[in-house]
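So the chains spell out like this:
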Amino acid sequence: MIAIITGDIVNSEQYPTSIWMPLLKKVLQKNGKQPEFWDIYRGDEFQLKSTPDKALQLAIEIKAVIKSIKNLDVRLAIGLGDETYAGGRITEANGSAYKRSGRMFEALKEEKRTLALACGHQHYDQTLNLMIKLALNFMDDWSTVSANTVSYTLQHPEISQEKMAVQFKVQQSAISQRQTRARTHLVLELIEYYQQTIKQIVP
């Protein structure tokens, strides 16, 4: 089983590509080489292959990185399933993971949602998507500071608030306040719950 994340940048026309592209590529490149494991096409759309356990954290990290730029956001659809054809380019590959991700991506456009997943198990899809929908109530409203705080926390999971304070050149209390405002603890709990749930799905 693999995970495919299909996404696009919301409001990308408000900025030159050079503003958001390097930030997006930095996250995508951690997961393997282009174009086998990820690719960007049609200007602001992209696909990324991941292991199922990392998929939600990657999606939230991408969201946080992009939302660190004012007025930008992303639409992200995670599809879990198999890969029946690889072909060397992720955009040419096929399988249930790709189909679920693609269908969910189109559904997100119609429903005006920014993140959802499909794993082929109705119970897990309903439960996980409800939790994601609840989390989007605050994730969609992240300020640039909150988004930057979450992205840095996800990229450096072991870092202390004291070391983050040095990195951001603020007091430790300011980091604590930023993480609280961004509801970082809920993000981490959601990711952990997802990872525990995925263990029941992945054979």
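Peer 1: Describe the environment of Phe-37, and please don't skip the residues or the numbers.
Peer 2: Here Phe-37 shows up in the loop between α1 (17-28) and β2 (38-41). Of the residues examined, Phe-37 reaches a relative accessible area of 28% and is grouped as partly exposed. Distance in space between the C-alpha atoms of Phe-37 and Ile-19 is 23 Å, their sequence separation being 18 residues. The residues touching Phe-37, leaving out its near neighbours within four places in the chain, are Asn-31, Gly-32, Gln-47, Leu-48, Lys-49 and Ile-90.

Peer 1: Which residues make up the packing of helix α4 (residues 122-139) against helix α8 (residues 184-201), and what are the values?
Peer 2: α8 packs onto α4 with a crossing angle of 165° between their chain directions and a minimal axis gap of 11 Å. Judged on the interaxial angle alone, α8 and α4 are roughly antiparallel. Where α4 crosses over α8, the handedness of that crossing is left-handed. Contacts from Tyr-124, Thr-127, Leu-128, Met-131, Ala-135, Phe-138 and Met-139 of α4 reach α8 at Leu-186, Val-187, Leu-190, Tyr-193, Tyr-194, Thr-197, Gln-200 and Ile-201. Grouping the constituent residues of the contact of α4 with α8 by class yields twelve nonpolar, three polar and no charged.

Peer 1: Describe the environment of Glu-158, with residues and values.
Peer 2: Its location among the elements puts Glu-158 in the loop between α5 (144-155) and α6 (161-168). For the pair Glu-158 and Gln-122, spaced 36 residues apart in sequence, the C-alpha to C-alpha distance is 34 Å.

Peer 1: Explain the packing of aromatic side chains to me, and be specific about the residues and the numbers.
Peer 2: Tallied over the full model, the rule gives one aromatic pair. Ring geometry for Tyr-152 versus Phe-168: centroids 5.2 Å apart, planes at 80°, classification edge-to-face. Of this pair, Tyr-152 sits in helix α5 while Phe-168 sits in helix α6, and the two are 16 residues apart along the sequence. A residue is classified by how much of its surface remains accessible, and Tyr-152, at 14% relative accessible area, is buried. A cation over an aromatic ring shows up here: Lys-49 above the ring of Phe-37, its NZ or CZ 5.1 Å from the ring centre.

Thresholds applied
- Residues numbered from 1 in each chain as written.
- Predicted model: local features only at pLDDT ≥ 70, side-chain atom pairs only at ≥ 80, totals over all residues.
- Heavy atoms only, no water.
- Helix = DSSP H or I, 4+ residues; strand = E, 2+ residues; numbered from the N terminus.
- Buried < 20%, exposed > 50% of the residue type's maximum accessible area, 1.4 Å probe, protein only.
- Contact = heavy atoms within 4.5 Å.
- Axes fitted to C-alpha atoms, helices over the stretch in contact; angles between N-to-C directions.
- Parallel < 35°, antiparallel > 145°, perpendicular 65-115°, else oblique.
- Left-handed = near helix turned anticlockwise from the far one by under 90°.
- Nonpolar A, V, L, I, M, F, W, Y, C, P; charged D, E, K, R; others polar.
- Phe/Tyr/Trp six-rings, centres within 6.5 Å; stacked < 30°, edge-to-face > 60°.
- Lys NZ or Arg CZ within 6 Å of the ring centre and 35° of its normal.

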